[in-house]
Each structure stands twice: as structure tokens, then as C-alpha cells.
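Residue-level structural notes
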Amino acid sequence: MSVLTMPVQRPLRGVACMLAAAALFVGMDSLAKYLGDHYTPVQLAWSRYSVHLIVLVVLLAAMGKLNRDELESRAPWGQIGRGLLLLGATLFAYLSVRVLPLTQIYVVNFSSPLIVMLLAIPLLNEKVGAKRLLAAVCGFAGVLIAVQPDVGGLDAHLLLPVGMAVCFALYQLATRYFAAQDSALTSLLYTAAAGGVVTTLAVPFFWVPINSEDIALFVLIGVLGALSHFALIEAMRSASASLVSPFLYSQLIWATLIGYWFFGDYPTKATFIGAGLVALAGGYLIINERHRH
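Described below are features of the structure shown in this document. (Residues numbered from 1 in each chain as written. Predicted model: local features only at pLDDT ≥ 70, side-chain atom pairs only at ≥ 80, totals over all residues. Heavy atoms only, no water.)

**Considerations on helix α2 (residues 41-63)**
Side chains of residues three or four places apart in an α-helix project in the same direction, reflecting 3.6 residues per turn. The first and last C-alpha atoms of α2 sit 33 Å apart over 23 residues, in line with the 33 Å expected at 1.5 Å per residue. Count one or two residues on from α2 and you reach Gly 64, which has phi positive near 70°. (Helix = DSSP H or I, 4+ residues; strand = E, 2+ residues; numbered from the N terminus. Expected span 1.5 Å × (residues − 1).)

Here it is, written out as C-alpha cells:
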């Protein structure tokens with residue numbers, strides 16, 4: 001098996017991939033929200049990972065890359081742990097939706113880029129700098145303005161989205177770490193396999209019969225899951241975690257557009273102000289990175 005080296009830094013490509021990942025995540029979560037009224041969180045997670053795994057294996061076979069040399073990992077146990085972190089984030093997300101308002105969940109979830117930025121210093125030895133940290137804080141402030149959380153309603157259930165944010169932040173850091181050892185396809189395969197195996201073992205205990213008209217939506221969740229995490233992995237391979245992670249804030253913009261187009265939720269003035277602050281923070285990071293390189 002060939003030895004991989006850390007990919008050449010391509011910050012703008014990393015930002016573009018993270019923006020694509022954010023949009024795909026929102027599409028996948030919107031489908032899960034729609035199906036969540038009729039099916040269990042474990043069942044939705046099972047469809048997300050098992051379909052993801054099937055689609056990925058078929059694509060790899062068609063590309064002629066389904067062989068040991070192409071896909072063998074130099075850190076298999078680490079990759080399995082990375083996949084389980086993402087599964088934990090998914091399950092925490094689906095459980096959170098059942099007991100908390102979406103606004104509170106979004107606020108806690110969007111803290112993950114800040115967690116990534118702070119943990120990247122001791123775990124990945126990255127130099128964040130005051131400008132990047134300030135831009136990330138401004139982006140998070142934009143999210144707070146947009147969603148206007150009801151802080152008076154906080155309760156112990158908020159531990160669920162906190163678990164989601166922490167798991168997702170650690171997943172991003174692990175993705176960055178293993179990018180120096182394995183290819184993007186290898187990382188993607190381990191992500192799908194870890195979640196697929198665990199949820200397949202668990203789903204018989206949570207099974208609800210699937211209506212025929214929903215089968216295509218279950219499949220689409222897995223397809224979007226595969227595409228979103230391939231984009232996320234490529235983003236982490238192309239640029240530092242502390243740079244690209246704040247661009248997950250753009251999920252707020254996509255969620256606003258989808259909510260308006262498909263669910264008739266007209267965004268408030270505060271939503272536009274917050275989204276504008278998020279966009280300004282992201283634009284500043286792009287300009288600052290161009291000057292650095």
C-alpha cells in the first residue's frame with residue numbers, strides 16, 4: 001500500500017467543498033425531519049448509513065477502485081472510531097428533534113466550528129490566530145441573532161444537542177488527522193461501514209414498516225449522506241480544520257431557503273441580519289486566506 005502525505009493546502013477549494021457539504025447536510029436533514037414523524041431515529045440513521053454504504057460500494061466497483069490497495073487504511077481502528085463519532089452525532093441530532101425546539105438545537109449545533117477551532121490547537125497543533133477566532137465568533141453571533149433562542153426554556157434535554165455538537169466537532173478533527181494517512185475514499189468507506197454495521201444490528205429493535213411511497217426518500221437520505229461527507233472529507237484534506245469549519249454556518253442560509261420554498265416559513269428580519277453577518281465572517285476568512293497564501 002502506498003504511503004500518503006498531507007495534501008497540498010488549497011484553501012479556496014476547501015472552502016468550496018465545505019459550502020457544498022453544508023448544503024447537502026441541510027437537504028439530508030430536511031428529509032429526515034419530514035420522515036421523522038413516522039419513523040424512529042435509529043431507523044432513519046440506519047437508512048442514512050446503510051444506503052450510503054451500498055451506494056459507495058457500487059460506485060467504487062464501477063470506478064475499478066474496490067480493491068485492497070486503493071481502500072486499505074493505515075489506521076483502521078482510528079477510522080472506525082471516527083465513523084462512530086459521526087454516528088453519535090447523527091443519533092443525538094435525531095433524538096434532539098423529538099424533545100427540543102429547532103432553534104435551541106441550531107444554536108448548540110453551530111457551536112461545533114468553535115469547538116473545532118479551539119481543539120485544533122492542542123490536538124492538531126494548528127495555529128488559529130486572533131483574526132480567524134474573531135471571524136468564527138462573529139459567525140456564531142450571526143447564528144444567535146438569526147435563530148433568537150428562547151434561553152428561558154433551557155433544560156437538561158440540551159445535553160442531547162451538546163453531545164451532537166461535540167461528536168461532530170471531534171469527527172471533523174479526526175477527519176483532518178487521518179487525511180494524512182488515508183485517501184478520501186477510504187475515509188468515506190469507513191464512515192459508512194461503521195455506522196451501517198452498528199445501526200443494522202440495532203434497527204430490528206426499532207423497526208417501523210416503511211410505506212412504499214417513502215422508500216425513495218430513505219434511499220435519497222443515504223445518497224445525500226455519502227455526497228455530503230465526501231465533500232466534508234475533501235474540505236478537510238484541502239485546508240486546515242480551523243479555516244473551513246466556520247463555513248458550516250452557511251447551513252443556516254440553506255435551511256432558511258428550504259424552509260421558505262418547501263415549508264412556507266418566511267424568514268424574519270433577524271434571520272436576514274444574522275445570515276448577512278455569517279456571510280461577512282466567511283467572506284473575511286476567504287480574503288484573509290488569500291493574503292496569507
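**Some remarks on the nonpolar core**
Of all hydrophobic cores here, the largest spans 47 residues; its most connected members are Met 18, Phe 25, Leu 44, Phe 168 and Leu 232. Where this core is concerned, the elements lending two or more residues are α1 (11-35), α2, α4 (76-99), α6 (112-124), α8 (159-178), α9 (184-202), α10 (215-238) and α11 (241-244). Considering each element in turn, this core owes the most residues, 10 residues, to α1. The residues touching Leu 232, leaving out its near neighbours within four places in the chain, are Met 18, Ala 21, Phe 25, Phe 168 and Tyr 171. Val 107, Met 117, Ala 136 and Phe 140 belong to the second-largest nonpolar core, a separate cluster that totals 13 residues. (Core = buried A, V, L, I, M, F, W, Y, C linked by side-chain atoms within 4.5 Å. Buried < 20%, exposed > 50% of the residue type's maximum accessible area, 1.4 Å probe, protein only. Contact = heavy atoms within 4.5 Å.)

**A closer look at the side chain of Ser 240**
By secondary structure assignment, the location of Ser 240 is in the loop between α10 and α11. Given the relative accessible area of 11%, Ser 240 is considered buried.

**Examining a nonpolar patch on the surface**
Residues Tyr 260, Trp 261, Phe 262, Tyr 266 and Phe 272 make up a contiguous nonpolar surface patch of roughly 710 Å² in combined accessible area. Top contributing element to the nonpolar patch by residue count: helix α12 (residues 251-263), with 3 residues. Its place among the elements puts Tyr 260 in helix α12. (Patch = residues over 30% accessible without salt bridge, like charges linked within 9 Å, V, L, I, M, F, W, Y side chains within 5 Å. Areas by Shrake-Rupley, 256 points an atom, 1.4 Å probe, with all protein chains shown as cover. Salt bridge = Lys/Arg side-chain N within 4 Å of Asp/Glu carboxyl O.)

**A closer look at the packing of aromatic side chains**
For the structure on display, the rule yields 5 aromatic pairs. With a centroid separation of 5.4 Å and an interplanar angle of 80°, the aromatic rings of Trp 46 and Trp 207 are classed as edge-to-face. Highlighted residues: Trp 46 in helix α2 and Trp 207 in the loop between α9 and α10, separated in sequence by 161 residues. For the pair Phe 168 and Tyr 171, a centre-to-centre distance of 6.0 Å together with 15° between the ring planes defines the contact as stacked. One end of the pair is Phe 168 and the other is Tyr 171, both in helix α8 and 3 residues apart, which spans about a single turn. By the burial criterion, Phe 168 is buried, and Tyr 171 matches it. (Phe/Tyr/Trp six-rings, centres within 6.5 Å; stacked < 30°, edge-to-face > 60°.)

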